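Descriptive structure summary
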Amino acid sequence: MQKVTIKKIVKKKGNQPITCLTAYSKPVAEILDKYCDIILVGDSLGMVLYGMKTTKEVKFDTMILHGKAVKKSTKRSLVVFDMPYNTYKNKHEAYKNTKKVLNLTNCDAVKLEGGKKISHIIKHLTKNRIPVMGHVGLLPQYSNSFKLKGKNAFQRKQIFEDAKTVSYAGAFAIVIECVVEDLAKKITDNISIPTIGIGASKYCDGQVLVIDDMIGLSNFSPKFVKRYSNVKKIIEKSVKNYCKDVKKRKFPSFHNVYKS
Ligand code: KIV
């Protein structure tokens, strides 16, 4: 078992696709740790676990709890903590909060959403030895709708420049979310750090998905998600059978009781 380091992730660019999924809990993190290069404790947990409308509602303390649970349950994967909305408004606050995250959760790196506008913050963090993963394209913390990005020249230029600035600011990798394929390719070909795509094509250096979408536990199934299983159905069938057994007094059976 060899720990995945940031150095190893960076080395994969152009060589080996990087695998990444989100995890928010111990049981899921333990499974992902066997296979994924990176585990992202994403603020998508707001919608996925807590039924929030947007990631804007996610609280710092909630993220810390999940970050701790995930990191404690992993040995191999690189664990990245998604900084929630409003926790990196300026470089001083960003430093204070990211330092707190790394100290309290022991996660390996943090992720910040935004391009040019936050590049001075990313620069400040990386200069102070906080490993940062960037995030450009669709930015859920700043967008109310789920819309494909990079369809017009203005947006393409903006997102391309965002990615370049984040890379120059010292990020070790960058998530590209929901952009047209050729723009993701252009970014990947023109920056020196790995790109991790979500709805951004096979041309990225790696891929990330929200675990609950990928295993069919959420109701979110946009085109870019491939469903590898239907866990919701499996749970439903189990719950249905359990209730049937309880009602028929078939559970607990003699296997499940303690004799004196
Ligand atoms: O919060 C999250 O899960 C993310 C991924 C969608 C990249 O940021």
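Right above here is the structure, for reference.
Residues numbered from 1 in each chain as written. Predicted model: local features only at pLDDT ≥ 70, side-chain atom pairs only at ≥ 80, totals over all residues. Heavy atoms only, no water.

Examining the nonpolar core
Residues Ile 38 and Leu 112 are the most contacted members of the largest nonpolar core, which totals 70 residues. Among residues more than four places away in sequence, those in contact with Ile 38 are Ile 9, Ile 18, Thr 19, Cys 20, Leu 21, Leu 78, Val 80, Met 133 and Ile 196. (Core = buried A, V, L, I, M, F, W, Y, C linked by side-chain atoms within 4.5 Å. Buried < 20%, exposed > 50% of the residue type's maximum accessible area, 1.4 Å probe, protein only. Contact = heavy atoms within 4.5 Å.)

A word on the sheet that holds strand S3 (residues 78-82)
The strand order S1-S2-S3-S4-S5-S6-S7-S8 describes a closed barrel built from eight strands, whose pairing is parallel. Between one strand and the next, the sheet's axes are offset by a mean angle of 25°, whatever the strand orientation. Relative to strand S5 (residues 132-137), strand S4 (residues 109-111) runs parallel, the two sharing two bridges. Looking at S5, one finds that Val 110 is bridged to Val 132. Strands in contact with helix H2 (residues 26-35) are strand S1 (18-22) and strand S2 (38-41); relative to S1, the strand with the most contacts, it is inclined by about 175°. (Pairing = 2+ DSSP bridges. Helix = DSSP H or I, 4+ residues; strand = E, 2+ residues; numbered from the N terminus. Axes fitted to C-alpha atoms, helices over the stretch in contact; angles between N-to-C directions.)

Things to note about a positive patch on the surface
Taken together, the side chains of Lys 240, Lys 244, Lys 248 and Lys 250 present a region of like positive charge at the surface. With respect to the helices, strands and loops of the structure, Lys 248 is situated in the segment after helix H10 (231-247). With relative accessibility at 56%, the residue Lys 248 sits in the exposed group. (Patch = residues over 30% accessible without salt bridge, like charges linked within 9 Å, V, L, I, M, F, W, Y side chains within 5 Å. Areas by Shrake-Rupley, 256 points an atom, 1.4 Å probe, with all protein chains shown as cover. Salt bridge = Lys/Arg side-chain N within 4 Å of Asp/Glu carboxyl O. Lys, Arg positive; Asp, Glu negative; His and termini not counted. Charge placed at Lys NZ, Arg CZ, Asp CG, Glu CD.)

So, unusual backbone geometry
The omega angle of the peptide bond from Phe 251 to Pro 252 is 0°, so this bond is cis rather than trans. The topology assignment puts Pro 252 in the segment after H10. Although it is not a glycine, Asn 106 adopts a positive phi angle of roughly 70°. Topologically, Asn 106 is positioned in the loop between helix H5 (91-105) and S4. In this structure, Arg 249 takes a positive phi of about 55° despite not being glycine. Checked against the element boundaries, Arg 249 lands in the segment after H10.

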